[in-house]
Every structure is written in C-alpha cells, then in structure tokens.
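# Residue-level structure breakdown
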Amino acid sequence: MKLLRIAAAALLLGAALLAPPAARQSDPARRTLPPAESQDAGRAATADGVYSLDWDEAAGTGLLWFTRWDTASAAPLCARRGCTHTDASCPARLEGGAGVWQLFAGNGRLLLLQLEQETGTAQSIWAVSPDGTGRALLRSCPGLPGWQRGSLLWEDDSGFWFWAWEPGQSASQMVFLPAGGQEYQQIGLLPGSVLAVRDGAVYSIEYRQNGETYDWVIRALDLHSGQQREVCSFPMEAQLLLREDTLYFCHWQDGCALYTKDLQDSEPPRLRCRLTSLGSSFAELVDAKGDRVVLQRAGAQWAVDLNSGARTWVQPAWLTAQDTEVWYRYPYPAQGTYCGGHALVWGYERTDSQYALGDYGRVDRTAGSRPAPCILDRDAWLAGQVRLTDVTVEG
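Residues numbered from 1 in each chain as written. Predicted model: local features only at pLDDT ≥ 70, side-chain atom pairs only at ≥ 80, totals over all residues. Heavy atoms only, no water.

## Describing the overall build of the protein
- Check the secondary structure of the protein and you find two helices and 31 strands.
- With 395 residues in all, the protein has 48% of them scored as buried.
- Expressed as a percentage of contacts within the protein between residues at least 6 apart in sequence, the contacts between residues at least 24 apart total 45%.
- As presented, the protein carries roughly 19300 Å² of accessible surface, and 50% of it is formed by carbon and sulfur atoms. (Helix = DSSP H or I, 4+ residues; strand = E, 2+ residues; numbered from the N terminus. Buried < 20%, exposed > 50% of the residue type's maximum accessible area, 1.4 Å probe, protein only. Contact = heavy atoms within 4.5 Å. Areas by Shrake-Rupley, 256 points an atom, 1.4 Å probe, with all protein chains shown as cover.)

## Focus: the pattern of salt bridges
- The final tally for this structure, using the stated rule, is 17 salt bridges.
- Where Asp-291 meets Arg-272, a salt bridge forms, and the shortest distance between an N and an O atom there is 3.0 Å. With a gap of 19 residues between them, Asp-291 in the loop between strand 23 (284–289) and strand 24 (292–297) and Arg-272 in strand 22 (residues 270–274) connect regions that are remote in the sequence.
- Among the ionic contacts, a cluster of salt bridges with common partners joins Arg-31, Arg-109, Glu-155 and Asp-157. (Salt bridge = Lys/Arg side-chain N within 4 Å of Asp/Glu carboxyl O.)

## Topic: the nonpolar core
- Counting residues in each nonpolar core, the largest one holds 32 residues, and the members touching the most others are Cys-250, Leu-258, Leu-275, Leu-285, Val-293 and Leu-295.
- Elements supplying a minimum of two residues to this core: strand 20 (246–251), strand 23, strand 24, strand 25 (300–305), strand 28 (342–350), strand 29 (369–377) and helix 2 (378–382).
- Sorting elements by how many residues they give to this core places strand 25 first, with four residues.
- In this structure Leu-258 touches Phe-249, Cys-250, Arg-270, Leu-271, Arg-272, Cys-273, Leu-275, Leu-285, Val-293, Leu-295, Val-304 and Leu-306, once residues within four positions along its chain are discounted.
- Among the nonpolar cores identified, the runner-up in size contains 28 residues, and Leu-77, Trp-101, Leu-344 and Ile-375 belong to it. (Core = buried A, V, L, I, M, F, W, Y, C linked by side-chain atoms within 4.5 Å.)

## A short note on the sheet that holds strand 25
- In spatial order, the strands read 23-24-25-26; together these four strands make up an open sheet with antiparallel pairing. Every interior strand has two partners, whereas the edge strands, strand 23 and strand 26 (311–314), have only one. The average angle at which neighbouring strand axes cross in this sheet is 25 degrees, direction not considered.
- The pairing of strand 25 with strand 26 spans four bridges and is antiparallel. Its bridge partner being in strand 26, Trp-302 is matched across the sheet by Trp-313. (Pairing = 2+ DSSP bridges. Axes fitted to C-alpha atoms, helices over the stretch in contact; angles between N-to-C directions.)

## Quick notes on the environment of Ala-343
- Structurally, Ala-343 is set in strand 28.
- Of the residues examined, Ala-343 reaches a relative accessible area of 0% and is grouped as buried.
- In this structure the C-alpha to C-alpha distance between Ala-343 and Val-50, which are 293 residues apart in sequence, comes to 8.7 Å.
- When near neighbours in sequence (up to four residues on either side) are disregarded, Ala-343 contacts Trp-69, Pro-333, Thr-337, Tyr-338, Cys-374, Ile-375, Leu-376 and Arg-378.

## Focus: the environment of Leu-376
- Relative to the assigned elements, Leu-376 resides in strand 29.
- Between the C-alpha atom of Leu-376 and that of Asp-390, which follows or precedes it by 14 residues, the distance is 9.1 Å.
- Residues in contact with Leu-376, not counting those within four places in the same chain, are Pro-331, Pro-333, Gly-341, His-342, Ala-343, Val-345, Trp-381, Val-386, Arg-387 and Leu-388.

## A few points about the packing of aromatic side chains
- For the coordinates displayed, the defined rule picks out seven aromatic pairs.
- Geometrically, the ring pair formed by Trp-252 and Phe-282 is edge-to-face, given 5.4 Å between the ring centres and 75 degrees between the ring planes. One end of the pair, Trp-252, is in the loop between strand 20 and strand 21 (257–262); the other, Phe-282, is in the loop between strand 22 and strand 23, with 30 residues separating them in the sequence.
- A relative accessible area of 16% places Trp-252 in the buried class.
- In this structure an aromatic cluster arises from ring pairing among Phe-234, Phe-249 and Tyr-259.
- A cation sits over an aromatic face here: Arg-243 above Tyr-338, 4.0 Å from the ring centre. (Phe/Tyr/Trp six-rings, centres within 6.5 Å; stacked < 30°, edge-to-face > 60°. Lys NZ or Arg CZ within 6 Å of the ring centre and 35° of its normal.)

## Digging into the pairing of strand 7 (residues 100–104)
- Where burial is concerned, most of strand 7 is hidden: four out of the five residues are buried.
- For strand 7 and strand 8 (residues 110–115), the ladder comprises five bridges, and the chain directions are antiparallel. Its bridge partner being in strand 8, Val-100 is matched across the sheet by Leu-115.

## Section: the state of the cysteines
- In the structure shown here, the tally under the stated rule is zero disulfides.
- Note on Cys-90: no disulfide assigned, nearest cysteine sulfur contributed by Cys-83 at a separation of 3.7 Å. (Disulfide = S-S within 2.5 Å.)

## Focus on unusual backbone geometry
- Within the chain, Asp-199 stands out as a residue other than glycine whose phi angle is a positive 50 degrees.
- Within the secondary structure, Asp-199 sits in the loop between strand 15 (193–198) and strand 16 (201–210).
- By relative accessible area, Asp-199 is classed as exposed at 67%.

## Some words on the side chain of Thr-46
- Structurally, the position occupied by Thr-46 is in the loop between strand 2 (43–45) and strand 3 (49–56).
- The exposure class of Thr-46 is buried, given its relative accessible area of 0%.
- Setting aside chain neighbours within four positions, we find Thr-46 in contact with Leu-33, Pro-34, Pro-35, Ala-36, Tyr-51, Trp-69 and Cys-339.

## A short note on the pairing of strand 21
- In terms of residue burial, strand 21 counts as a mostly covered element, since five of its six residues are buried.
- Pairing geometry for strand 20 and strand 21, over six bridges, is antiparallel. In the sheet register, Thr-246 faces strand 21, and the bridge partner there is Asp-262.
- Taking the residues that link successive antiparallel strands as the turn, the strand 20-strand 21 hairpin has five residues, and the phi of Gly-255 there is positive, at about 65 degrees.

Here it is as structure tokens:
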C-alpha cells in the first residue's frame, strides 16, 4: 500500500509539472514600468507601447488597453486566460459608477486614479500591473473642499503631487499628499497651465504683457522646495512644442524662424534656421525629435533638418479610390501616443469605394471610410516619409 501511495503521489506530481502554469500575478506597486515619454489623462506611451483608457461615461464602465509597438497589436490589459472582460474580476475592467478615471505612468509604475465626477478630485489611487495580471488599491484620498480638480502630476515613495485650483482664482496650486498622511500640503502657486513634469520640477506656461505685445513665459516649480524660476520667454505669436527635454518654437511671422531651448540650461532659445521660402503665413509644429521637426502649413507637411534648414515635402500615404475622388490626411500624433521612433495614430480603412487616411484627434469621418488605429514610424516621418502599420485589435 505504501508503494501504491508513493506511485500515486509521483503521478500527481508529474501531472502538475506537465500542466500549463497559471498566470502569476506580479506586484502592481513595483516600479517596473519603462519611462513614459508622453501622456495625458487617458493615455501613456512607453518604449514598449501605449497604455490607454477607454471609458464609457454613460455606462460608467471602461477598459484598459495596451497597444504593442513590436507586434502592432492592441488588446485589453488582462493576462487571465479565457477572460471575457465583462465583470469586475477582470484586471482591465473599470466600474466607476459616478466617478471618472485618470491614467498616470510617470515614475516606474502604472496608476489609476478614481476621480469625483463633479469636482474632479481624487478619491482613490490604484496600482496596475503593466503585464495585466492584476491591480491593487494603494490608498484612499481625503477630499479637497472648495477646490476644483485634483489631477496627479507626479508621485514617488514619499507621496503624491496634485494640481488643483480654487474657483475664481487665476493661479492654480500644487498640493502634496504624503504617502501615509491624510492632509494635503500646499507647495506653491502654479501660474498658467501645466506643460510637463521633468526631473523633480513642474513646468508651466502662461502669457505676460510686454509693452503692446505678449510673450509666452515658461516657469519651473520645484516639487520639494516650492522654489520657482523662469526658464525662458518668447513672443506669443510663435508656435511652441515640447518633446522630451527640448522646447521647439516656430516664429512663423518672422520668416518661419525655428528655435530650440533645452529645459535644463540657462541659455535663451537658440535660432536654428529660417524657412523664408515658406513665407510668413501660419505654420504649426506637429512633431519634433532631436534636430528634426515636422511643420504643417496650408494643408501640407514639411520635414525640416534644423542643422541645415533643408526641408522635404511629406507625401501623404493615401490610397486611391475607385472613383475620381481621393481621401487622405496627414498623421498627427497627440499627447500620450508617441515614444521614441513610434506613434499611435488614426488611419482609415475602406468601407466601400472610398479610401482615406486620418490623423489622431482630427479625424474627418466620411460615408466611405472609418477610423482604424495605425503605428506611425516617427523617424521616417521626420525624414519626409509616411509609413503606417495597421494595428490588429484583439479581445
């Protein structure tokens, strides 16, 4: 009998070893997420792909999605086998009731904030495993009486920094909630609008009167000390774009002059080149990386080398229709959709004889097409070529 019991135990052990392993849940609070190069309240782009929040306000439910750069595929952020993503047990499913949600990926981990619907202040903070194995409640948040909004700007092991303002006040406040505390601490005034958070500082932008004209003013507010410094100013007629740690300016009324400014140094913006051949009509900076930018002017895009001033017309990636009409649009990466050499944009797929390409956030819907997600090769685009890869949507 003893030998039979040993044999049975061996068979059970062998079966366990041969069985497929269950998905092991990682610690959602660990800081394993690659840095997010760009993000907004509903999207965050990292070196691996884009995390996004698809929220149905009417139903009070939503799903977290992840779009991978390497496989050009999008799926709910859920690693559970056979999950239908239809109930609260799914790590990707959100059921907020009367609340709304904010996605944050600023310091090595992916966070979800459940916000109070009327004021937008944080009610609770959740940590989400980047591999889709689960999420965990980090903490509940005290209220912010009399304040509007409580968007998370930054977090580390010491606590959480929020941007909030009082109704009727022109300047907003930065407030700090200690990791184990129940009271907010006011750090300092935050004039204008938040531009970015970099290296322990919040960068904001506002306008200031300069005689009969106005200037953009960029300021940095230290998260810990509350000390503020002016980074630079620039004529308000110029277009401004922030990519990584570089500010790009396009002074289109001054011969389409292009400037750059490093956020970390004390030097003024540096003139890189002038595109006088484009004239002095309005031009918009739509993307930039290193020493290259893409400008959009009068319905056309131009890739520009800031070192030489050479420009290349960007040919849109259109598909010709059966009839005489051709639909096309240029790509347009929005905040939270780009990182490194990739960007998540909207293209078009055909539903009848019409074809088109659209841009993210600026989709022209037509009777003959519908939006379809694509991955844009940013490096090719900044060199003057539009290369798009269709995204396969799963789940």
